[in-house]
Amino acid sequence: MKKAILVTGAFGLVGSDLVPALQKKYGASLVFALGNKTIPKDFRGQLVKGDVRDLSSLKKIVTKYNIGIVYHLAGLLSVGGEKHPDLAWDVNLNGLRNVLDLARDEHLRMFWPSSIAAFGPTTPKDMTPQHTVIEPTTMYGITKYAGELLCQYYHSRWGVDVRSLRYPGLIGYKAPPGDGTTEYAVHIFYGLLKENAYNPFLKADARLPMMYIDDAIRGTMQLMAAPADKITVRTSYNFTAINFTPKELVTEIKKLYPTFKAAYVPDPAKQRIADGWPKSIDDTQARKDWGWKPEFDLPTMTKTMINGLKKKLAI
Ligand code: SER
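Residues numbered from 1 in each chain as written. Predicted model: local features only at pLDDT ≥ 70, side-chain atom pairs only at ≥ 80, totals over all residues. Heavy atoms only, no water.

Some details on the pattern of salt bridges
Reasoning step 1: By the definition in use, this model includes 15 salt bridges.
Reasoning step 2: We note a salt bridge from Arg53 to Asp51, for which the minimum N-O separation is 2.8 Å.
Reasoning step 3: A salt bridge links Arg234 to Asp161, with the nearest nitrogen and oxygen atoms 2.8 Å apart. One end of the pair, Arg234, is in the loop between helix H7 (213-225) and strand E9 (237-238); the other, Asp161, is in the loop between helix H5 (139-158) and strand E6 (162-167), with 73 residues separating them in the sequence. The exposure classification of Arg234 matches that of Asp161, with both residues buried.
Reasoning step 4: Because the salt bridges share partners, they merge into one network encompassing Arg109, Asp161, Arg163 and Arg234. (Salt bridge = Lys/Arg side-chain N within 4 Å of Asp/Glu carboxyl O. Helix = DSSP H or I, 4+ residues; strand = E, 2+ residues; numbered from the N terminus. Buried < 20%, exposed > 50% of the residue type's maximum accessible area, 1.4 Å probe, protein only.)

Structural data, given as structure tokens:
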């Protein structure tokens, strides 16, 4: 019998696009979406309710549905993690450890996202290399770096085929924006279409690595499809497409909506997080090992976001 796929955090920013992509590739009957609280009413597909912190119920799900691959996406983001550091540790790391244990015991293949947040203020900011100083200062970043090391450990100690990407700020319209720092670049499109105005919560020149969600989904599926001997990084791959500042994004939007209004009103807590992250990323290793190549630049991303969100909001 064909093995099925489990996606945790299935209704977050990544899951909301990954689940349909997996359904399209493998068939809807083989893709199980695990959600905890927020299940969209219009979801079509196999739904399982559960919490990644509960190992015994995860184990039952894996056995019952004959799961062979897990995309383990459930987790708190950077801003949420600073509000609830204990919860971030619990969900992000204990959840990951549970899924890694399951992957080891039940011979599952596994994907888990790390983030540019794994880096910290002492990391070189421009074209941040794959291997560099890594001293994160947010709870989110700490869980991401500890998680990377845990993945590498499970691979080298028990041969678990776990693969990971350091996602940059991801921009998509299917899920509402999460409680993160790069999320201003998602909120801005809601502000544009609802009020023709939005004030980014970061400084005008706060440059951060970013990616349109379609690139992220394609890259994730490409990584998971690559032969195991091509995967030379078992912590997490640097992974990027574009980088821009709030001001550059506003300028791009103004080319299409010249009356759009934006003032930069940095939120000190969010700006502090952004200040610790890279401005651009060197993802040569991902390109070399499994052929990573992004497709969306800033203008294409902007147009696609506006068109997609217009349809979603029926504007
Ligand atoms: N989008 C995430 C955040 O800002 C980055 O991993 O928290």
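A few points about the site of the ligand
Reasoning step 1: For the ligand, the full set of nearby residues is Leu77, Ser78, Ser115, Tyr140, Gly180, Thr181, Thr182, Glu183 and Trp277.
Reasoning step 2: Between the ligand and the protein, one listed contact pairs an oxygen atom with a side-chain N or O atom of Ser78 at 2.6 Å.
Reasoning step 3: Here a nitrogen atom of the ligand sits 2.8 Å away from a polar atom, N or O, in the side chain of Thr182.
Reasoning step 4: The fraction of the free accessible surface of the ligand (240 Å²) that becomes covered by protein chains is 95%.
Reasoning step 5: A class-by-class count of the residues in the shell around the ligand yields three nonpolar, five polar and one charged. (Near = heavy atom within 4 Å. Polar contact = N/O pair within 3.5 Å; in protein donor to acceptor, adjacent residues only side chain to side chain. Areas by Shrake-Rupley, 256 points an atom, 1.4 Å probe, with all protein chains shown as cover. Nonpolar A, V, L, I, M, F, W, Y, C, P; charged D, E, K, R; others polar.)

A few points about the packing of aromatic side chains
Reasoning step 1: With the rule as written, the count across this model stands at 14 aromatic pairs.
Reasoning step 2: Consider the rings of Tyr212 and Phe296, whose centres lie 4.7 Å apart with planes at 40 degrees: the pair is tilted. Of this pair, Tyr212 sits in strand E8 (residues 208-212) while Phe296 sits in the loop between helix H10 (284-290) and helix H11 (298-313), and the two are 84 residues apart along the sequence. The burial state of Tyr212 is the same as that of Phe296; both residues are buried.
Reasoning step 3: Members of the aromatic cluster, each reached through a chain of ring pairs, are Tyr71, Phe111, Tyr167, Tyr237, Phe239, Trp290 and Trp292.
Reasoning step 4: The aromatic ring of Trp158 is capped on one face by Arg104, whose charged end is 4.5 Å from the ring centroid.
Reasoning step 5: Taking the ring centre of Phe201 as reference, the NZ or CZ of Lys270 above it sits at 4.3 Å. (Phe/Tyr/Trp six-rings, centres within 6.5 Å; stacked < 30°, edge-to-face > 60°. Lys NZ or Arg CZ within 6 Å of the ring centre and 35° of its normal.)

Here we look at the packing of helix H2 (residues 55-64) against helix H4 (residues 85-106)
Reasoning step 1: The contact between H2 and H4 brings their axes to 10 Å, and the two run at 40 degrees. Taken as axis vectors, H2 and H4 run oblique relative to one another. Handedness of the H2/H4 crossing: right-handed. Of the residues in H4, those touching H2 at Leu55, Leu58, Lys59 and Val62 are Asn98, Val99, Leu102, Asp105 and Glu106.
Reasoning step 2: Taken together, the residues of the contact of H2 with H4 break down into five nonpolar, one polar and three charged. (Axes fitted to C-alpha atoms, helices over the stretch in contact; angles between N-to-C directions. Parallel < 35°, antiparallel > 145°, perpendicular 65-115°, else oblique. Left-handed = near helix turned anticlockwise from the far one by under 90°. Contact = heavy atoms within 4.5 Å.)

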